[in-house]
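# Structural characterization, general
Here's the letter readout for the chains.
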Amino acid sequence: MMRPLMSSLRSGLALGFGFVALAVGALWYALPVGTARTRGADIVMPRPLAGYRGAGSCAAASCHGGSGSIGTKGCEYSSWMAKDKHVRAYEVLLTERSRIIEKNYRGLATLAEAKPEGDLACLRCHATDAEAARRGERIARSDGVGCERCHGPAENWLTIHYQRDWAGRGEVDRKALGFWPTKDLAFRVKMCAECHVGAPGNEVDHDLIAAGHPRLSFENAAFLATMPPHWDIAAEKRRIPDLEARTWAIGQVATAAAALDLLAYRAGEKHKKPWPEFAEYDCFSCHHDLSAAGRTKPNQKAIPGTLPWSDWYYAVPTALAGERSPLASQAMADALSQLRDEMGPPVPDRAKVQQQASALARQFGERLPSIDRAPTWKPVTLRPWYNQLLLRDGYDFDANWDRATQSYLSLAALHNALTDLDPTQRDPATVTALKSMGKQLRFPRGQDSPRDLDTAALRKLREALRGE
């Protein structure tokens, strides 16, 4: 969705995000039958009411297996099979790296004992139906993260969703059959967040990261930009003219809610794992080169001996907080600052952290319906948000890699949104500066972290974007 402006992510940031080891989707197969209120949002999410039929049930040429170009109607299965990384989600578990992670994580004596392809903790995000995959069922394994992981288990709708009266069925009726509303942007990102951010009982914690699993760093617009769509983007933009901006805004809010909900769970007394959970903090404050002439470590503001709470999900909502902001009010930004202070001591107060994180998760979630229903945003609305990221006093754009990267991704998304709505706003100099910023933030080849952060170069690029 980010078009050429985001192409640098494919070979650089995308590698660092660890796309190859992750799988998108929700963990609803493991939850109770019926409906349940989404954590941190006033939206009712469905739960599976039926069984899976496998991606192969969509593959007929007369259904979704056509031979047309990527993303065209009737070629959804073909597009997914040819280009989508989720197809290989299960296969990743068969690699040597995955076996090493499993050996380290489970404390096994030899690599031969490591079977990540049978570990439910892995399969929850690397397979469509985790229990079936663990039993070794062929369909569940070969699908990876397949059609039904996002569209819902097809047993009750497979033979009727192409009939003439299907279009007239309401959303409630479709959900009752197990057909998920993937055209709903908020619903869509919530499905991604279940695995790419994490959820209570399904998380990539510090133990798993230390074992070798990539850190989870999800940004909705950037991930969609690196994933060739198997749906018609042009048709979606006709339906949602400000699609780029709305996808970005909903992603920022929904992932902040999901991350806060996970923090509240981790802080809860029922969570038996060690506290604090190091995955909540800025990885690169501890994991960095001890010296680098002329440069600074990835978190230049960190005080030695402290554990700075990660900026990844909160930097941009805080920077853009305000009365007219879709992301966060100033009161929410102040509450995030208080929570950051609460997370600062070597052993944060679990009860306070849980209470504050839960309250903030709810507040972020409550903003999603208003973003989803808002009238089409115009350039006159988007331009101030773009400028605020560049010009806000006191906002340390380059304080750490997380903040710099989230700011860059937001600027890229907003610039693309502006040019979608008004092509005359496309500025070659801006495009060049943003591409250069992406290159500065790219992980070194073969690494899952930045070597250092060239703050001087980032500041020059920020000045270029300001027109200085």
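Up top you'll find the structure we're talking about.
### Concerning unusual backbone geometry
Residue P276 is bonded to the preceding W275 through a cis peptide linkage, with omega at 5°. Turning to its location among the elements, P276 is positioned in the loop between α15 (243–267) and α16 (283–286).

### Regarding the side chain of R367
Looking at the element boundaries, R367 is found in helix α19 (residues 350–373). Buried and unpaired, R367 has E366 as its nearest opposite-charge partner, separated by 8.1 Å.

### Quick word on the side chain of E76
Tracing the backbone through its elements, the reader meets E76 in helix α3 (residues 76–83). Buried and unpaired, E76 has K73 as its nearest opposite-charge partner, separated by 5.3 Å. A polar side-chain atom of E76 sits 2.8 Å from a polar atom in the side chain of H64. Once residues lying within four places of it in the same chain are set aside, the contact partners of E76 are H64 and H230.

### Remarks on the nonpolar core
Note on soluble globular proteins: their nonpolar side chains tend to be buried together. With 79 residues, the main nonpolar core has W248, L260, L339 and F364 as its most contacted residues. Sort the elements by how many residues they give to this core and α15 lands first, with 15 residues. When sequence neighbours within four positions are dropped, the list of residues in contact with L260 reads W309, Y314, L336, L339, A357, L360, A361 and F364. L93, L120, A127 and A140 belong to the second-largest nonpolar core, a separate cluster that totals 10 residues.

### Let's talk about the state of the cysteines
Cysteine pairs can be linked by a disulfide, which is a covalent bond between their two sulfur atoms. By the definition in use, this model includes 1 disulfide. Note on cysteine connectivity: C125 is disulfide-linked to C195, with sulfurs 2.0 Å apart. Residues C125 and C195 are joined by a disulfide whose S-S torsion is about -100°; by sign, that bridge is left-handed. With C125 in helix α6 (residues 120–126) and C195 in helix α11 (residues 185–196), this pair connects stretches of sequence that are 70 residues apart. Of the two residues examined, C125 and C195, each falls in the buried class. Here C150 stays unpaired: no disulfide links it, and the sulfur of C192, its closest cysteine neighbor, is 6.4 Å away.

### Digging into the pattern of salt bridges
Tallying each qualifying case throughout the model produces 18 salt bridges. As a salt-bridge pair, R188 and E236 come within 2.6 Å of each other at their nearest N and O atoms. Note that R188 is positioned in helix α11 and E236 in helix α14 (residues 233–239), a separation of 48 residues in sequence. Each member of the pair, R188 as well as E236, carries the same accessibility label: buried.

### Description of helix α20 (residues 379–391)
Because each turn of an α-helix spans 3.6 residues, side chains separated by three or four positions in sequence point in the same direction. Across its 13 residues, α20 extends 18 Å between first and last C-alpha, which sits within 8% of the 18 Å expected from 1.5 Å per residue. Along α20, the positions that sit buried rather than exposed are P379, L382, W385, Y386, L389 and L390. Viewed along the axis of α20, the buried residues span an arc of 140°, placing them on a single side of the element. Residues of α20 that are buried sit in contact with α15, α17 (315–319), α21 (401–421), α22 (428–441) and α23 (455–466).

Conventions and cut-offs
- Residues numbered from 1 in each chain as written.
- Predicted model: local features only at pLDDT ≥ 70, side-chain atom pairs only at ≥ 80, totals over all residues.
- Heavy atoms only, no water.
- Helix = DSSP H or I, 4+ residues; strand = E, 2+ residues; numbered from the N terminus.
- Buried < 20%, exposed > 50% of the residue type's maximum accessible area, 1.4 Å probe, protein only.
- Lys, Arg positive; Asp, Glu negative; His and termini not counted.
- Salt bridge = Lys/Arg side-chain N within 4 Å of Asp/Glu carboxyl O.
- Polar contact = N/O pair within 3.5 Å; in protein donor to acceptor, adjacent residues only side chain to side chain.
- Contact = heavy atoms within 4.5 Å.
- Core = buried A, V, L, I, M, F, W, Y, C linked by side-chain atoms within 4.5 Å.
- Disulfide = S-S within 2.5 Å.
- Expected span 1.5 Å × (residues − 1).
- Arc of directions from axis to C-beta.

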